[in-house]
Amino acid sequence: MKNRRGFIQTTLAGTAGLIFSRCSGISAAAAQSVDSRVEILLDESIGTISPNLYGHFTEHLGGTIYDGVWVGAKSKVPNFDGIRKDLVDHMRKIKAPVVRYPGGCFADSYDWRDGIGRSDQRPRRTNFWLEAENDKSPANHKYDPNEFGTNEFVHFCKLIGAEPYLAANVRSLPASEFYRWVEYCNSPAGSTTLAEERAKAGSAQPYNVRYWGVGNESWGCGGNFTPQEYAVEFRRYSAWLPHYGQALSLIASGPNSNDWGWTRGFFEEIVRKGPSQLGGIYGWGLHHYAWNLSRGRTNDWEKGKGDAIQFDPVDWYEILREGERVEDLILGHWQVMNEFDREHRVKLVVDEWGPWYRPGSEATPGDILEQTPTLRDAVFSGMTLDIFNRHAGKLHMANCAQLINCLNSLYLAHEDRFVVTPVGHVFDMYAGHQGGESRRTIFSAPSVQYERDGKPATFWGLQGSASLRGKDLLVTVVNPHTTQAREAEVTIRGGSVSSAMATTLSHSDIHARNTFDNREGVIPQKKESLVRNGVVVHTFPAASVTALSIHLT
């Protein structure tokens, strides 16, 4: 049997050179080597790219908090008041805008009062994820010591310059505890007993937390509600909350992937008391994980997953295909929301996204759900962030799952060891999009063709996004082909290029990754791009993510 890799090939359009020579400013001879085209339409704005689309997610799960974020003030690991210094330094570098906490499923079993007050007097509680832990898991992963709570999390956010996003417990705490948590965080200095308690913890001034999730995955681990039942709970939990001069942005627990019924049922019930009810909802939280690599053979949550490190080119394309579904989910749920919210007062929030593989690639034994990201996950993440940029008018926040020592993590850490994963490098490369004006992009490239279980399959050849800030244009491009580079002409409609610099993340081995022992296995490389007659001509390597920093005349 032939090797699967032998089936991976790209068909080039025979007329590509002729078309490009007619349409571009470069010569016909040069056009013969250019098989792809990228057009940026400066006059067609999509909207401002909210910095919050580059948000993050931390949960009391495995090694995310304990060993990842939190090492303890007495640790020999360099830290800021117990928070890992390496993590803070790198989060500042990528301009992390917002971090979601304390879950995830953990949130709806969490009592916020357990995580305040003197750390040596805080209770130990059974972690929601206890049954998923194993004999290699440390005790603080199974039984949460609550050394890290609200005070420490907000301090972490302040250290990195991010906004905190707190997920409230709807399944197992009453509504009164939600508004008391808001009171603890936001009431003015000396105004309430809880404000005085916050002051004793080191912060007389309020935290001014703006973003609050009203439950998490309320269709499942967050209460197993029907959408109508959850809508009633949302109205009840949000009916009265003290603001203290800080506008509160409440995020409702949205659907699992393509559950259109959840979205329709929730909004249908919410507006039963009138459309004014929509004014109290900032965001609708969509979750989407790419996990099923069985190609239709099973929908079993465990059996359908692939391996994080050992995969063939077909699995490379299939996980990208599963991840790309988030674009249809954005469009589909936006359309359903439009049935009840014509003015689109409620925006979409993708507060959990990423690939999810089977166990086995953990950098640290005992860290459940920890995966070692490869180049494939960098390409996946670049593709996803580009999708978010292209829908900047619909999305106001997204949170990659999860920040460290978990799924699709930017960083891996254990004791005094720390490494930036390929995913972390992508977030660094894309940071310049934050706050930029998204511009429409048109990509024309030969599609990838491969064999999928004995049948022909295709995938797009190049995709990306663009954002403008004054005379500076950032264009990010993903080439998903595992073996073939794409030479492209990048044309700016409505402007001309004076200079261009490319930062590229790629490797000859699609399984390449960064480890504690090899921290620079996959790192970005910079080089100046060729500019000819105001047009950029650039070769996008196989299996790559590229950020083109273009200065316009």
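Residues numbered from 1 in each chain as written. Predicted model: local features only at pLDDT ≥ 70, side-chain atom pairs only at ≥ 80, totals over all residues. Heavy atoms only, no water.

Engineer: Quick one: what's the story with the state of the cysteines, residue by residue and with numbers?
Structural biologist: All chains considered together, the criterion is met by 1 disulfide. Two residues, Cys105 and Cys221, share a disulfide whose sulfurs are 2.1 Å apart. Measuring the twist about the S-S bond at about -85°, one finds the Cys105-Cys221 disulfide to be left-handed. Here the residue Cys105 occupies a position in the loop between β6 (98-101) and β7 (125-126), and Cys221 occupies one in the loop between β10 (211-214) and α8 (227-238), the gap between them amounting to 116 residues. The same class applies to Cys105 as to Cys221, namely buried. Not engaged in a disulfide, the cysteine Cys185 finds its nearest cysteine sulfur in Cys157; these two sulfurs lie 11 Å apart. We note that Cys406 lacks a disulfide partner, and the nearest cysteine sulfur, in Cys400, lies 9.9 Å from it. Classification of Cys406 by relative accessible area gives buried; the value is 0%. (Disulfide = S-S within 2.5 Å. Helix = DSSP H or I, 4+ residues; strand = E, 2+ residues; numbered from the N terminus. Buried < 20%, exposed > 50% of the residue type's maximum accessible area, 1.4 Å probe, protein only.)

Engineer: Got a sec to walk through the layout of surface pockets? Specific residues and values, please.
Structural biologist: A volume near 610 Å³ is recorded for the largest pocket. In terms of lining, the largest pocket is formed by 32 residues, of which the most central are Trp129, Trp301, Lys305, Trp356 and Leu369. Looking at the second largest pocket, its volume works out to about 450 Å³. Surrounding the second largest pocket, 23 residues form its lining, Asp428, Met429, Leu474, Thr503 and Ser549 being those nearest its centre. Top element by residues in the lining of the second largest pocket is strand β27 (residues 544-552). It accounts for 4 residues. (1 Å grid on protein atoms, 1.4 Å probe; cavity = no way out; pocket = protein on both sides within 12 Å on 5 of 7 lines; lining within 4 Å. Points joined across faces, edges and corners; volume = space filled by probe spheres on them.)

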